[in-house]
Amino acid sequence: MIILLNPQSAKHGYRVPNSILTLGAFLEGKYDYEILDENINVNIIETLSRVIRKKDIKYLGITVMPALQLHRSAAISKKIKNLFPSVTIIWGGYFPTLHPNTVLKSHYVDYVIKGHAEFSFVELIDNLEGKPNSKSFNEIKGLSYKKNEDIVHNPKSEIVNPDVIPLLPYHKLPMEKYLRISKTYLGPRTVGYHSSVGCPFLCGFCAVAGVYKGRWIGRSAELVANDIRFLKQNYNIGAVEFHDNNFFVSEKRTYDISEKIMDLNLGWWGEARPDTTMKFSDDTWRMMRDSGCKMIFFGAESSNDEILKLMDKGGTQTSETVLLLAERSRKFGIVPEFSFVLGSPTNNVDTDIENDIKYIKKVKKINPDAEIIIYTYSPVNFEDSEMSLASKMRGFDYPKTLEEWISPEWANFDMRKNPLTPWLKPEHFKRIRNFEKTLNAFYPTNSDLKIKGWKRQLLRALGGWRYLSSIYAAPYELRAVMKLLRYRQPEVEGFAFEK
Ligand code: B12
Ligand code: SF4
């Protein structure tokens, strides 16, 4: 029997674990398996130990994204390997895909499957179970494994056409537990759903580009709408976050999905590129809005067209596109969440940051409802990107061991808040974070549902003089009031944010 585990991924705002749910869909009818999620199983080591003993578990598959989930994955794997050396531990997901050597050198992970694993995971289990006609190790796409002292990496699998993915085995999860805590700006009982794989672009700062290398396939509008209808009818969902890296790649698919879910009365959200959606017709924008699209996350990235080029942003996106989009989204009443990546490896970091701050203020002036999310650039292991090369040239390197990755020094790296990049100095972070605090005070986010009425007024009054005079330093009073109000700013952990 197999356990698929989703280690804790966030302190708030977790969702149904689609990564392992998808793998589960391909195990159905072939192998017995159970799904465990540390986000809702507090004492995971105890639970795992009990299940392993009782059900003769031989395989533990763990999904691993950076930050908290990586920390938990390492701690859990180490402990389980010690307690149950015969259990085979397999890691998959973004972190092991980008850092397979580091993971396999840890001695507590037996195999990594890089990239998509719908078929490879079953093939690996077939091999380990000695099933007749099973594929040998070197034939299993995406598998990385130890061979004597060496680590062998097989080429990754082609991306899986999402139309072949069956309905996910939601019955394996305590759905009510996920849904009852998921009231967001979009509506009650928000579910996360994945309707496409990959992304056709190759932005040099993005893990998705590193993993999918410019490939994208969308599930057909009909199948997507059927799944959403199933979730509505069976679990009474109130809203959907489309967790696709780039939901809006095809205008026709977007239009069709919107049309087909219109009658379900749901709120929805997705991630987009500014240039793609600017090319959509007014009809499509209207259809999106009328079907419940309340908010879209856009990668605005930078105010500087030269930096957009360094980022390999591609397409037709310029700084002008985002200003036009701020206006257009206002017209249609869809809130844009603009995400910026500050602190790229250039020779003018100070000026770049100041220009980005001025530009963000311009965006807010055009559309005061726009949400702003500010990351600092954390290099991703995308070797052939210009940004990775520029980072290496400026002295950046990744940790070489998992122990180092999970050390306190690297804790903020994956959160894209305070990475250990040599060209960014403490004063840069201070400037960025102090501006962010001031911005979030003067324009309180609409997505923290409890910040309304006098609380909004108070924040606005306190942030106003700083915002208007551009004096952001030492915002102690803002920090204190935000803490008191338990204000959740548009930050790093969630999507449409919890109540
Ligand atoms: C949902 C989500 C979350 C959820 C939680 C998810 C969970 N597991 O519980 C939340 C909101 C908590 C979250 C948080 C974070 N996330 Co997140 N998240 C996602 C998102 C949008 C979807 C993941 C998903 O469900 N995919 C659907 C499944 C079907 O695809 P998949 O995960 O790729 O799985 C396939 C393969 O990878 C593989 N696979 C996956 N797991 C396993 C396991 C085994 C055993 C095997 C064999 C194979 C395998 O097979 C699967 C099927 O083919 C992705 C982006 C994306 N669209 O994928 C970002 C993403 C993974 N997150 C990312 C990041 C950086 C974070 C944060 C660390 C930071 C941040 N600023 O957002 C935070 C951490 C917060 C914290 N406190 O620590 C990055 C990772 C980048 C990187 N450098 O690796 C991504 C790629 C977003 C991005 N574009 O940058 N996230
Ligand atoms: S368009 Fe977005 S998801 Fe696609 S590679 Fe660029 S940043 Fe990543």
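Computed from a predicted model, the values in this text were never measured in an experiment. (Residues numbered from 1 in each chain as written. Chains lettered and ligands numbered in written order. Predicted model: local features only at pLDDT ≥ 70, side-chain atom pairs only at ≥ 80, totals over all residues. Heavy atoms only, no water.)

(A) Layout of the site of ligand 2. Looking at ligand 2, the residues that line it are Cys 199, Phe 201, Cys 203, Phe 205, Cys 206, Ala 209, Asn 245, Arg 273 and Lys 313. Tallied by class, the residues present in the shell around ligand 2 amount to six nonpolar, one polar and two charged. (Near = heavy atom within 4 Å. Nonpolar A, V, L, I, M, F, W, Y, C, P; charged D, E, K, R; others polar.)

(B) Representation of the confidence of the model for the protein. With 97% of its residues at a pLDDT of 70 or more, the protein shows a mean pLDDT of 94. The low-confidence segment residues 492–499 (pLDDT under 50) makes 36 contacts with residues lying over four places distant or belonging to another chain. (pLDDT = per-residue confidence, 0-100. Contact = heavy atoms within 4.5 Å.)

(C) Broad picture of the pattern of salt bridges. Tallied over the entire structure, the rule returns 26 salt bridges. For the salt bridge of Glu 38 with Arg 72, the shortest nitrogen-to-oxygen distance reads 2.7 Å. Placement of the pair is Glu 38 in the loop between strand S2 (33–37) and helix H2 (44–55) and Arg 72 in helix H3 (residues 68–83), with a sequence separation of 34 residues. Take Glu 38: its relative accessible area is 8%, and that puts it in the buried class. For Arg 72, a relative accessible area of 23% gives the class partly exposed. By sharing partners, the salt bridges in this structure join Asp 282, Arg 328 and Lys 331 into a single network. (Salt bridge = Lys/Arg side-chain N within 4 Å of Asp/Glu carboxyl O. Helix = DSSP H or I, 4+ residues; strand = E, 2+ residues; numbered from the N terminus. Buried < 20%, exposed > 50% of the residue type's maximum accessible area, 1.4 Å probe, protein only.)

(D) The arrangement of H2 in detail. When the terminal C-alpha atoms of H2 are compared, their 16 Å separation across twelve residues agrees well with the 16 Å that a helix rising 1.5 Å per residue should span. Those residues of H2 not exposed but buried are Ile 44, Thr 47, Leu 48, Ser 49, Val 51 and Ile 52. Looking at the buried residues of H2, the elements they touch are strand S1 (2–6), S2, strand S3 (59–63) and H3. Directly beyond the C-terminal end of H2, a positive phi value near 50° is found at Asp 56. (Expected span 1.5 Å × (residues − 1).)

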